[in-house]
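Reading the structure
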Amino acid sequence: SFVSLDLSSFNTSKVTNMQFMFGGANLTKLDLSKFNTSKVENMESMFQLCQALTTVNLGGKFNTKSAVSLNSMFSSCEALNDLDLNNFNTKNVEDMTEMFKDCFYLTNATINSPFKITALMEDDSMFDGCELDEAAQKRIISKQNGEML
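I will try to describe carefully the structure that is included in this document. Note that the structure is predicted; figures quoted are calculated from it, not measured.

**Observations concerning the overall build of the protein**
Scanning the protein from terminus to terminus reveals 1 helix and 7 strands. Reading the protein from its N end, one meets helices and strands in the order β-β-β-β-β-α-β-β. Put simply, of all contacts in the protein between residues at least 6 apart along the chain, 78% involve residues at least 24 apart.

**Looking at the pattern of salt bridges**
Applying the stated rule across the entire model yields 1 salt bridge. For Lys-101, the salt bridge is made with Glu-98, and the minimal N-O distance between the two is 3.8 Å. Assessed through its relative accessible area of 25%, Glu-98 is described here as partly exposed.

**Some remarks on the side chain of Ser-38**
One can find Ser-38 in the loop between strand 1 (29-31) and strand 2 (55-57). When neighbours within four sequence positions are excluded, Ser-38 is seen to be in contact with Asn-63, Lys-65 and Ser-66.

**Digging into the packing of aromatic side chains**
What the rule picks out here adds up to 7 aromatic pairs. Note on Phe-74 and Phe-100: the rings are 5.8 Å apart at their centroids and 0 degrees apart in plane angle, and the pair reads as stacked. Placement of the pair is Phe-74 in the loop between strand 2 and strand 3 (82-84) and Phe-100 in the loop between strand 3 and strand 4 (108-110), with a sequence separation of 26 residues. You'll find Phe-74 and Phe-100 in the same group, each marked buried. Both rings, one in Phe-100 and one in Phe-127, keep their centres 5.3 Å apart while their planes meet at 10 degrees; by these two values the pair is stacked. Of this pair, Phe-100 sits in the loop between strand 3 and strand 4 while Phe-127 is found in the loop between strand 5 (115-116) and helix 1 (134-141), placing the two residues 27 residues apart along the sequence. On the basis of relative accessibility, which here comes to 9%, the residue Phe-127 falls in the buried class. Ring pairs connect the aromatic residues Phe-10, Phe-22, Phe-35, Phe-47, Phe-74, Phe-100 and Phe-127, which therefore count as one cluster.

**Notes on the side chain of Ser-75**
Within the fold, Ser-75 resides in the loop between strand 2 and strand 3. In this structure Ser-75 touches Phe-47, Gln-48, Leu-49, Glu-98, Met-99 and Lys-101, once residues within four positions along its chain are discounted.

The rules we used
- Residues numbered from 1 in each chain as written.
- Predicted model: local features only at pLDDT ≥ 70, side-chain atom pairs only at ≥ 80, totals over all residues.
- Heavy atoms only, no water.
- Helix = DSSP H or I, 4+ residues; strand = E, 2+ residues; numbered from the N terminus.
- Contact = heavy atoms within 4.5 Å.
- Salt bridge = Lys/Arg side-chain N within 4 Å of Asp/Glu carboxyl O.
- Buried < 20%, exposed > 50% of the residue type's maximum accessible area, 1.4 Å probe, protein only.
- Phe/Tyr/Trp six-rings, centres within 6.5 Å; stacked < 30°, edge-to-face > 60°.

Shown next, in the form of structure tokens:
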């Protein structure tokens, strides 16, 4: 089984579906800093059940502007403890159900600007089983004026 992958030469500029792309993988680190995800509509369960994953470098090209579903995106990433969400554009996202569910060790989520939530319909159980403190959760999901703070 793999614990790391070199994805630096992957051309993802035309990909529209990354559902379960790494789901269940026994990886400890992922560097997706070169991934162009601007056309990806479905990121559902993209990292779900990556129980050994401690680090994900999403970098500057990882873009969620076309994403409609982030359902269970990081669900059950039990070892993940730090996540940079600065490049997340959630304007078109309709479903964030269980996005961080059972991320037992997630204690830090970096976000500089509020999530836009104009299309959001589902965010049930978004943080169930997650250790992210309440203040950090509120920066992501507090709904005011069509934004997540």
